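Here is what each chain is made of, one letter per residue.
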Number of protein chains: 2
Amino acid sequence: MSNPFQAPAPKATTTDGVYDDAERALANRNSGTLLETLALDVTPTGAHYLLTHFDTPILDAASHRLRFHGAFETPFELTLDEICALPQVTMPVTLECAGNGRSGVSPRRYSMPWGYEAAGTYEWTGTPLAPLLARAAPRAEAVEITFTGADFGYDSGCGHYFGRSLALEQLEALDVLLVHGMNGLPLLPQHGAPLRIVVPGWYGMASVKWLTDIEAVTQPYQGYQQVQTYRYREHAEDPGRPVTEIRVKSLMVPPGAPDWVSRARLVTAGAVEVQGKAWSGGGREIVKVELGVDGHWQEAELTGRTGPYAWTGWRATWHAEPGAHLLQCRATDASGAQQPLEPPWDHSGFGNNAAHTVEVHVAQR
Amino acid sequence: MSNPFQAPAPKATTTDGVYDDAERALANRNSGTLLETLALDVTPTGAHYLLTHFDTPILDAASHRLRFHGAFETPFELTLDEICALPQVTMPVTLECAGNGRSGVSPRRYSMPWGYEAAGTYEWTGTPLAPLLARAAPRAEAVEITFTGADFGYDSGCGHYFGRSLALEQLEALDVLLVHGMNGLPLLPQHGAPLRIVVPGWYGMASVKWLTDIEAVTQPYQGYQQVQTYRYREHAEDPGRPVTEIRVKSLMVPPGAPDWVSRARLVTAGAVEVQGKAWSGGGREIVKVELGVDGHWQEAELTGRTGPYAWTGWRATWHAEPGAHLLQCRATDASGAQQPLEPPWDHSGFGNNAAHTVEVHVAQR
């Protein structure tokens with residue numbers, strides 16, 4: 001869709017650790033998961049991170065229709081009631097925003113300036129997508145399936161409904177869920193009500209919210225959110241490669257008590273239990289988590305996985321000595337991939353899975 | 001409580017429109033209400049603003065106790081089951097953070113840099129506090145009742161549990177609710193589970209979350225959140241006066257579609273329905289809302305109040321002409337108080353009720 005407007009151009013440059021009013025407003029609007037809730041296997045309703053490109057549409061569940069159309073042998077439409085009458089699955093899935101950690105990448109792309117908090121785990125309820133795609137039966141010439149939401153807006157002057165695609169062979173390897181519920185409740189408006197998909201193991205951009213259309217296409221999809229953004233790029237002119245599976249990552253519950261403004265952590269000397277969660281994409285298991293104290297690493301105990309597509313708990317004991325310390329955690333997954341200590345470079349700040357670092361001040365007991 | 005730690009000192013100065021990493025992290029963590037949900041009478045669960053000074057405590061509802069103690073004739077404790085067995089009330093209450101709008105006050109206090117979004121309306125369920133206070137029976141020498149939460153942390157080097165007080169004569173005029181539910185659900189952890197108070201008509205700091213203690217005291221309460229902060233001050237040394245009732249305010253649903261990064265709004269020329277909500281503290285009714293377009297004001301239609309302590313809907317038709325325009329809204333309450341066009345000065349950025357201003361770009365139809 002072309003742009004009839006003179007849309008404001010995004011800023012080209014940023015300064016490390018300095019944010020302007022638009023970035024501040026994005027940080028206000030898009031909310032991070034509360035790190036202290038990482039003590040729980042399932043993120044409390046409403047405490048899960050939220051990244052919304054445009055506005056949250058307020059849709060009517062009763063009149064909502066999901067259309068399977070395009071290069072299908074048997075296109076059809078479904079109401080929400082019809083979807084709820086299909087076999088139901090509930091599964092915890094750890095989702096993470098591809099831009100999580102962007103504020104740590106230098107120079108920083110002018111966009112939502114995430115810290116560490118754009119990851120969470122809800123228990124999603126819905127019906128598997130695969131049988132519905134089989135029923136619609138992609139024609140022989142179909143190459144991809146596109147997923148389009150009801151949320152419309154502009155990015156760099158391009159007006160579009162948020163949309164993404166998955167190739168047929170990608171779909172075969174993914175347990176995509178057509179979701180209408182979360183944490184035992186109907187899907188909340190800001191999480192995509194009345195209908196969305198959840199693509200386990202991939203960064204969040206694939207899990208299209210406010211879903212209205214599933215279309216089989218015979219040429220690779222050229223939607224803005226597929227080809228213009230969500231690509232790893234070395235520089236602005238690099239065509240790049242698509243952002244897909246979540247990279248291995250871990251986060252800790254910041255120990256002790258916080259200082260209100262700086263969020264620096266304050267604990268008393270002695271044994272401190274540190275805990276958190278670790279996850280990776282593509283269903284890869286977490287095999288190791290380490291806790292670092294001022295660069296010295298100890299292996300943490302793994303306390304179990306919340307589900308095949310959800311994070312793994314970990315804990316370690318830190319013998320805290322008075323003074324200021326840097327705590328870090330890093331995870332390794334079954335493929336051998338380990339979190340780096342420094343943010344990996346990406347022009348757009350995607351996929352920053354550097355070790356979580358927390359400053360802790362320890363007082364004499 | 002004294003401070004055994006070398007807590008980081010908050011920054012003394014800020015620059016207009018420029019935010020550092022700590023402010024960015026606060027904006028990530030504390031979430032604003034999604035302005036597009038102002039089309040609804042009740043804010044969707046999880047889309048309500050959230051301001052948490054310290055960490056969200058994860059408390060066990062089954063073992064939770066609320067203690068009435070201090071200068072009461074008959075101190076007692078209550079379990080959550082006992083509270084739920086008392087007469088129940090459900091009421092929509094509009095809450096707003098006292099620091100809402102801080103980013104618009106110059107020079108800006110170094111704290112949570114709210115834009116416009118720290119206001120929302122949930123339907124709160126609980127039991128009125130007054131009969132319980134009558135049962136506990138404050139002794140003749142009692143002057144205030146204090147409310148203390150389970151959330152502990154530091155502010156400017158002072159370690160404390162979040163606590164607030166209300167004088168006995170203030171309590172007589174307030175319909176304080178002891179709350180365990182919201183929007184038909186049990187209270188969520190981040191909103192104060194399992195128990196909090198809601199003080200209708202006052203800024204949010206009075207509505208203490210994670211409530212553990214209600215104490216009758218014989219001297220004015222000197223808690224940090226009562227005497228060190230939440231005061232209107234001309235300058236840093238001004239002892240100031242307490243922040244109490246919410247000032248008259250209105251917000252609009254930003255019309256049209258957004259640009260992703262700048263959040264500038266884009267609409268097509270012609271008749272545009274603009275809507276929003278308006279509210280004031282102390283139960284004062286909204287008598288007028290005006291929509292301003294480039295400084296020209298028209299009266300909006302009031303579409304009804306959600307409840308005696310909740311916001312009032314409004315709508316107006318804007319005949320949008322091509323070009324860039326500044327839309328504003330301002331409300332007037334039954335006392336005659338009207339929103340100013342410029343932020344009122346406060347050293348800490350409290351109580352900024354200046355008119356909501358939205359930049360809109362209009363294209364030819």
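As the structure is a computational prediction, the values presented were derived from the model and not from experiment.

### Remarks on the overall build of chain A
Here is step 1 of the chain: Secondary structure assignment for chain A yields five helices and 23 strands.
Here is step 2 of the chain: Its C-alpha atoms give chain A a radius of gyration of 21 Å, within 12% of the compact-globule value 21 Å for 365 residues.
Here is step 3 of the chain: Considering chain A as a whole, with its 365 residues, one finds that 61% of them fall into the buried category.
Here is step 4 of the chain: Put simply, of all contacts in chain A between residues at least 6 apart along the chain, 72% involve residues at least 24 apart.
Here is step 5 of the chain: Just so you have it, chain A exposes about 13,400 Å², and 51% of that area is on carbon and sulfur atoms.
Here is step 6 of the chain: Looking at chain A, you have 27 positive and 40 negative side-chain charges, and the mean spots of the two groups are 2 Å apart.

### Details of helix H1 (residues 21–29) of chain B
The α-helix advances 3.6 residues per turn, and as a result positions three or four apart in sequence lie on the same side.
Here is step 1 of the chain: Extensive coverage of H1 of chain B is indicated by the burial of eight of its nine residues.
Here is step 2 of the chain: The elements touched by buried residues of H1 of chain B are strand S1 (18–20) and helix H1 (21–29) of chain A together with strand S1 (18–20) of chain B.
Here is step 3 of the chain: A side-chain oxygen of the first residue of H1 of chain B lies 3.1 Å from the backbone nitrogen of alanine 22 of chain B; this N-cap is aspartate 20 of chain B.

### A few points about the environment of arginine 305 of chain B
Residues and elements named next belong to chain B.
Here is step 1 of the chain: As for its placement among the helices and strands, arginine 305 is situated in strand S20 (residues 301–305).
Here is step 2 of the chain: Residues in contact with arginine 305, not counting those within four places in the same chain, are Gly283, Arg284, Glu285, Ala310, Trp311 and Thr312.
Here is step 3 of the chain: Within the structure, arginine 305 has its side chain in polar contact with the backbone oxygen of glycine 283 (distance 3.2 Å).
Here is step 4 of the chain: Of the polar contacts made by the side chain of arginine 305, one reaches the backbone oxygen of proline 308; its length is 2.9 Å.

### Some words on the packing of aromatic side chains
Aromatic rings considered in pairs are described by the distance between their centres and by the relative angle of their planes.
Here is step 1 of the chain: One pass over the structure, following the stated rule, counts 16 aromatic pairs over all chains.
Here is step 2 of the chain: Where tyrosine 122 of chain B meets tryptophan 124 of chain B, the ring centres are 5.3 Å apart and the plane angle is 70 degrees; that geometry is what we call edge-to-face. The pair formed by tyrosine 122 of chain B and tryptophan 124 of chain B is uniform in burial state, with each residue classed as buried.
Here is step 3 of the chain: Among the aromatic side chains, those forming a connected cluster through ring pairs are Phe68, Phe72 and Phe76 of chain A.
Here is step 4 of the chain: A cation over an aromatic ring shows up here: arginine 135 of chain A above the ring of phenylalanine 76 of chain A, its NZ or CZ 4.3 Å from the ring centre.

### A word on the domain arrangement of chain A
All names here are of chain A.
Here is step 1 of the chain: Along its sequence, chain A is carved into domain 1 (21–242) and domain 2 (249–363).
Here is step 2 of the chain: On a C-alpha basis, the centres of domain 1 and domain 2 stand 27 Å from each other.
Here is step 3 of the chain: Buried area between domain 1 and domain 2, both sides added, is near 3,000 Å², and the carbon and sulfur share of it is 58%.
Here is step 4 of the chain: Among the residues domain 1 hides against domain 2, the three largest losses belong to Leu38, Val105 and Tyr116. Together they make up 22% of the total.
Here is step 5 of the chain: Ionic pairing is found between aspartate 41 and lysine 277, a salt bridge with its closest N-O pair at 3.8 Å.
Here is step 6 of the chain: Taken together, the connections running from domain 1 to domain 2 amount to 17 residue pairs in polar contact (both at pLDDT 80 or more).
Here is step 7 of the chain: Those elements that place two or more of their residues in the side of domain 1 that touches domain 2 are strand S4 (89–96), strand S5 (119–128) and strand S12 (231–232).

### With respect to the relation of the copies chain A and chain B
A rotation about an axis combined with a shift along that same axis relates the two copies of the chain.
Here is step 1 of the chain: Here chain A sits on chain B after a turn of 180 degrees about the axis and a move of 0.0 Å along it, with an RMSD of 0.0 Å. This pairing of chains is accounted for by a two-fold axis. Residues of chain A ranked by C-alpha distance from the rotation axis are headed by glycine 46 of chain A, positioned 1.9 Å from it.
Here is step 2 of the chain: Take the interface residues of chain A: 100% of them recur as interface residues in chain B, which is what a same-surface contact looks like.

### Some remarks on the interface of chain A and chain B
Here is step 1 of the chain: Counting residues at the interface gives 69 residues for chain A, matched by 69 residues for chain B.
Here is step 2 of the chain: Carbon and sulfur atoms make up 62% of the surface buried where chain A meets chain B, a total of about 5,600 Å² over both sides.
Here is step 3 of the chain: A salt bridge links arginine 265 of chain B to aspartate 55 of chain A, with the nearest nitrogen and oxygen atoms 2.6 Å apart.
Here is step 4 of the chain: In this structure, the connection of chain A to chain B is made through 27 residue pairs in polar contact (both at pLDDT 80 or more).
Here is step 5 of the chain: Residue contributions to the side of chain A that touches chain B peak at seven residues, all from H1 of chain A.
Here is step 6 of the chain: Split by residue class, the side of chain A that touches chain B holds 36 nonpolar, 22 polar and eleven charged.
Here is step 7 of the chain: Where S1 of chain A and S1 of chain B come together, three bridges link them in antiparallel fashion. Residue pairing in the sheet places tyrosine 19 of chain A in a bridge with tyrosine 19 of chain B of S1 of chain B.

### Comments concerning the pattern of salt bridges
Here is step 1 of the chain: Following the criterion strictly, the structure yields 28 salt bridges over all chains and no others.
Here is step 2 of the chain: For arginine 263 of chain B, the salt bridge is made with aspartate 55 of chain A, and the minimal N-O distance between the two is 3.2 Å. Of this pair, arginine 263 of chain B sits in the loop between strand S15 (257–258) and strand S16 (265–268) while aspartate 55 of chain A sits in the loop between H1 and strand S2 (65–70), placing the two residues on different chains.
Here is step 3 of the chain: When salt bridges with common partners are traced through the structure, they connect Arg29 and Asp55 of chain A together with Glu36, Arg263 and Arg265 of chain B into a single cluster.

### Remarks on the state of the cysteines
Here is step 1 of the chain: Under the counting rule described, the total for this entry stands at zero disulfides over all chains.
Here is step 2 of the chain: In this model cysteine 97 of chain B remains outside any disulfide bridge; the closest cysteine sulfur is found in cysteine 329 of chain B, 19 Å from its own.

### Describing the sheet that holds strand S3 (residues 76–79) of chain A
The strands that make up a sheet are held in pairs by hydrogen bonds between backbone atoms, and each pair lies either parallel or antiparallel.
Residues and elements named next belong to chain A.
Here is step 1 of the chain: On the basis of which strands lie adjacent, the open sheet formed by five strands has the order S3-S2-S11-S6-S7 and mixed pairing. Taken across any chain shown, the strands that pair with only one partner, and hence form the sheet edges, are S3 and strand S7 (158–167). Between one strand axis and the next, the sheet turns by 25 degrees as a mean value, whatever way the strands run.
Here is step 2 of the chain: Summarising the sheet, strand S6 (residues 144–155) and strand S11 (residues 211–217) pair through six bridges and their orientation is antiparallel. What sits directly across from threonine 148, in S11, is aspartate 213.

### Description of the pairing of S3 of chain A
Here is step 1 of the chain: Strand direction decides the pairing type here: S2 of chain A and S3 of chain A, joined by four bridges, are antiparallel. Across the sheet, arginine 67 of chain A pairs through a bridge with glutamate 77 of chain A, a residue of S3 of chain A.

### Topic: the packing of H1 of chain A against H1 of chain B
The description of two packed helices rests on the angle between their axes and on the distance between the axes.
Here is step 1 of the chain: The geometry of H1 of chain A relative to H1 of chain B is characterised by a closest axis approach of 6 Å and an angle of 35 degrees between their N-to-C directions. In this structure, the crossing between H1 of chain A and H1 of chain B has a hand that is right-handed. Across the interface between the two elements, Arg24, Ala27 and Asn28 of chain A from H1 of chain A touch Arg24, Ala27 and Asn28 of chain B from H1 of chain B.
Here is step 2 of the chain: When its residues are assigned to classes, the contact of H1 of chain A with H1 of chain B shows two nonpolar, two polar and two charged.

Criteria and cut-off values
- Residues numbered from 1 in each chain as written.
- Chains lettered and ligands numbered in written order.
- Predicted model: local features only at pLDDT ≥ 70, side-chain atom pairs only at ≥ 80, totals over all residues.
- Heavy atoms only, no water.
- Helix = DSSP H or I, 4+ residues; strand = E, 2+ residues; numbered from the N terminus.
- Rg over C-alpha atoms; globule rule 2.2 N^0.38 Å.
- Buried < 20%, exposed > 50% of the residue type's maximum accessible area, 1.4 Å probe, protein only.
- Contact = heavy atoms within 4.5 Å.
- Areas by Shrake-Rupley, 256 points an atom, 1.4 Å probe, with all protein chains shown as cover.
- Lys, Arg positive; Asp, Glu negative; His and termini not counted.
- Charge placed at Lys NZ, Arg CZ, Asp CG, Glu CD.
- Polar contact = N/O pair within 3.5 Å; in protein donor to acceptor, adjacent residues only side chain to side chain.
- Phe/Tyr/Trp six-rings, centres within 6.5 Å; stacked < 30°, edge-to-face > 60°.
- Lys NZ or Arg CZ within 6 Å of the ring centre and 35° of its normal.
- Domains from an automatic or database assignment.
- Buried area = accessible area lost by both parts, 1.4 Å probe.
- Salt bridge = Lys/Arg side-chain N within 4 Å of Asp/Glu carboxyl O.
- Least-squares fit on C-alpha atoms with pLDDT ≥ 70 in both.
- Nonpolar A, V, L, I, M, F, W, Y, C, P; charged D, E, K, R; others polar.
- Pairing = 2+ DSSP bridges.
- Disulfide = S-S within 2.5 Å.
- Axes fitted to C-alpha atoms, helices over the stretch in contact; angles between N-to-C directions.
- Left-handed = near helix turned anticlockwise from the far one by under 90°.

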